[in-house]
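Here's the letter readout for the chains.
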Amino acid sequence: MSDAKYPKDKLELESPDGLEYKPYQFAFLEWWKQRTTNGYRNLLEASEMGIGKTIETIMIMNIIKNPDPRFLIVCPAGLKINWEREIRRWSTKRNSVQRIDGEKPIDPAKLNQTNTLVINYDILPKRTQAVLGGGGFKPIEGRKLFLTGTPLINRPAELWSLVKACNPNGLGSNWHNFHERYCDGYKNRWGGWDLTGANHLDELQIKLRSSFMMRRRTDDVLDQLPSIQRQAIILP
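Quick summary incoming for the structure in this document. Residue numbers here run from 1 along each chain, matching the order of that chain's written sequence. Residue-level local features of this predicted model are given only where pLDDT is at least 70; pairs of side-chain atoms are given and counted only at 80 or more, and the full residue set underlies all totals for whole chains, interfaces and linings. To obtain the side-chain values, all non-hydrogen atoms of the structure were included, while hydrogens and water were left out.

## What to know about the pairing of strand 1 (residues 42-45)
In summary, the side chains of a regular strand alternate between the two faces of the sheet.
Reasoning step 1: Partly exposed residues are those whose accessible area sits between 20% and 50% of the maximum for their type, while under 20% is buried and over 50% is exposed, using a 1.4 Å probe and protein chains only. Secondary structure elements are defined from DSSP: runs of H or I of at least 4 residues count as helices, runs of E of at least 2 residues count as strands, and each element is numbered from the N terminus. The two faces of strand 1 match: Asn-42 and Leu-44 on one face and Leu-43 and Glu-45 on the other face are all buried.
Reasoning step 2: Pairing between strand 1 and strand 5 (residues 144-147): 4 bridges, direction parallel. What sits directly across from Asn-42, in strand 5, is Lys-144.
Reasoning step 3: In this description, strands pair whenever DSSP reports at least two bridges between them. The pairing of strand 1 with strand 8 (residues 213-214) spans 2 bridges and is parallel. Of the residues in strand 8, the one forming a bridge with Glu-45 is Met-214.

## Focus on helix 3 (residues 80-90)
Reasoning step 1: Buried residues of helix 3: Lys-80, Ile-81, Trp-83, Glu-84, Glu-86, Ile-87 and Trp-90, and no others.
Reasoning step 2: For helix 3, the elements touching its buried residues are helix 2 (53-63), strand 2 (71-75), strand 3 (97-99), strand 4 (116-120) and strand 5. By definition in these notes, contact holds between two residues if any of their heavy atoms fall within 4.5 Å.

## Notes on the sheet that holds strand 4
Reasoning step 1: Pairing is parallel in the open sheet, where 3 strands are placed in the order 2-4-3. At either end of the open sheet lies a strand with only one pairing partner, and these are strand 2 and strand 3. Taken over all neighbouring pairs, the strand axes of this sheet differ in orientation by 20° on average, direction set aside.
Reasoning step 2: Relative to strand 4, strand 2 is paired through 5 bridges, and the arrangement is parallel. Paired with Ile-73 across the strands is Val-118, a residue of strand 4. In this analysis, axes come from line fits to C-alpha atoms, helices being fitted only over the stretch in contact, and the angle between any two N-to-C directions falls in the range 0 to 180 degrees.

## Looking at the sheet that holds strand 1
Reasoning step 1: Across the sheet, which stays open at both edges, the 3 strands sit in the order 5-1-8 with parallel pairing between neighbours. Each of the sheet's edge strands pairs with one partner strand only, and the pair in question is strand 5 and strand 8.

## Quick notes on the packing of helix 1 (residues 23-37) against helix 2
Reasoning step 1: With their axes 10 Å apart at the nearest point, helix 1 and helix 2 run at an angle of 55° to one another. Relative to helix 2, helix 1 is oriented oblique. Remark: the crossing between helix 1 and helix 2 carries right-handed chirality. Touching Tyr-24, Gln-25, Phe-26, Phe-28, Leu-29, Trp-32 and Lys-33 of helix 1 are Ile-55, Glu-56, Met-59, Ile-60 and Ile-63, all from helix 2.
Reasoning step 2: Classifying every residue of the contact of helix 1 with helix 2 by side-chain character gives 9 nonpolar, 1 polar and 2 charged. Note on terminology: angles under 35 degrees are roughly parallel, angles over 145 are roughly antiparallel, angles of 65 to 115 are roughly perpendicular, and the others are oblique. It is the rotation of the near helix from the far one that decides the hand of a crossing: anticlockwise by less than a right angle makes it left-handed, clockwise makes it right-handed. As a working rule, the residues Ala, Val, Leu, Ile, Met, Phe, Trp, Tyr, Cys and Pro are called nonpolar, Asp, Glu, Lys and Arg charged, and the rest polar, with Gly in that last group.

## Remarks on the packing of helix 7 (residues 175-182) against helix 8 (residues 201-209)
Reasoning step 1: Helix 8 packs onto helix 7 with a crossing angle of 135° between their chain directions and a minimal axis gap of 9 Å. Between helix 7 and helix 8, the angle falls in the class oblique. Here Phe-178, Arg-181 and Tyr-182 of helix 7 lie close against helix 8, whose contacting residues are Leu-201, Glu-203, Leu-204 and Lys-207.
Reasoning step 2: In the contact of helix 7 with helix 8, the residues fall into 4 nonpolar, no polar and 3 charged.

## Looking at the packing of aromatic side chains
Reasoning step 1: Working definition: rings of Phe, Tyr and Trp (its six-membered ring) pair if their centres are within 6.5 Å, and the pair is stacked with planes under 30 degrees apart, edge-to-face with planes over 60 apart, and tilted otherwise. In the structure shown here, the tally under the stated rule is 6 aromatic pairs.
Reasoning step 2: Aromatic side chains Tyr-21 and Phe-26 sit 5.7 Å apart centroid to centroid with 85° between the ring planes, which places their arrangement in the edge-to-face category. Neither Tyr-21 nor Phe-26 differs from the other in exposure class; each is buried.
Reasoning step 3: On the numbers, 5.8 Å between centres and 35° between planes, the contact of Phe-28 with Trp-31 is tilted.

## Thoughts on the pattern of salt bridges
Reasoning step 1: Every case where a carboxyl oxygen of Asp or Glu lies within 4 Å of a side-chain nitrogen of Lys or Arg is listed as a salt bridge. All chains considered together, the criterion is met by 14 salt bridges.
Reasoning step 2: Residues Glu-48 and Arg-215 are paired through a salt bridge, measuring 3.9 Å at the closest nitrogen-oxygen approach. Of this pair, Glu-48 sits in the loop between strand 1 and helix 2 while Arg-215 sits in the segment after strand 8, and the two are 167 residues apart along the sequence.
Reasoning step 3: Judged by its relative accessible area of 21%, Glu-48 is partly exposed.
Reasoning step 4: Linking Glu-203 and Arg-181 is a salt bridge whose minimum nitrogen-to-oxygen distance equals 2.6 Å. One end of the pair, Glu-203, is in helix 8; the other, Arg-181, is in helix 7, and 22 residues separate them in sequence.
Reasoning step 5: Among the ionic contacts, a cluster of salt bridges with common partners joins Lys-80, Glu-84, Arg-88, Arg-99 and Asp-101.

## Section: the side chain of Lys-53
Reasoning step 1: Mapped onto the elements, Lys-53 comes out in helix 2.
Reasoning step 2: Charge counting follows a simple rule: Lys and Arg are positive, Asp and Glu are negative, and His as well as the terminal groups are ignored. For Lys-53, which is buried and forms no salt bridge, the nearest opposite charge comes from Glu-45, at a distance of 6.1 Å.
Reasoning step 3: One polar contact links the side chain of Lys-53 to the main-chain carbonyl oxygen of Ser-47, over a distance of 2.9 Å.
Reasoning step 4: Ignoring sequence-local partners within four residues, the contact set of Lys-53 consists of Glu-45, Ser-47, Glu-48, Leu-147, Thr-148 and Gly-149. For this analysis, a polar contact is any N or O atom pair within 3.5 Å, provided that within protein one partner can donate a hydrogen and the other can accept it, and provided that sequence-adjacent residues contribute only side-chain to side-chain pairs.

Set out below in structure tokens:
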């Protein structure tokens, strides 16, 4: 199910006029609902770039039954405009969205009228109080969806932060066990840990996919993807 192309059951979800979701995106939504029902608060969508992870996230925003939802999107600065545009385009609940840029003052009154904030990683530490403590804006507590097309670039040690966040009582419950088992970790002669190795990768992938991670390659869903499209991107 963690690499599903089609949902097992037919899901009804309203889409904006002229737009439609792909079957593999419904499969993601089905997976997300199943995992959250099973008690996972944080999940990882690690499908390759081009799959449409942004749209999948907005699908979740569209089905949240909270009468007054709040969403916080944290992303690279260059993607904030894209997130704002796609939320306005795909939202079926008229979610209001506001970008937080640089050091510009944040109007608490305007903040209270917004249910979706988009902010970049590097300024979040400086603006946390202004964003989360400046008014009535409170994201859904304790529920996160991590998005990345490259969960592991060089070695399994790079996964630890995500593993710890998504599965703190399972795979991420013991730092030493994880790094010794999957990173071939050991103490070097200076007393520090060498975590540059890799081991039991097939086992690790099975545990990730069977718990909190979904990953699909573009080749897996190529028959559902549209033809190559070119789009002008406005840089901030």
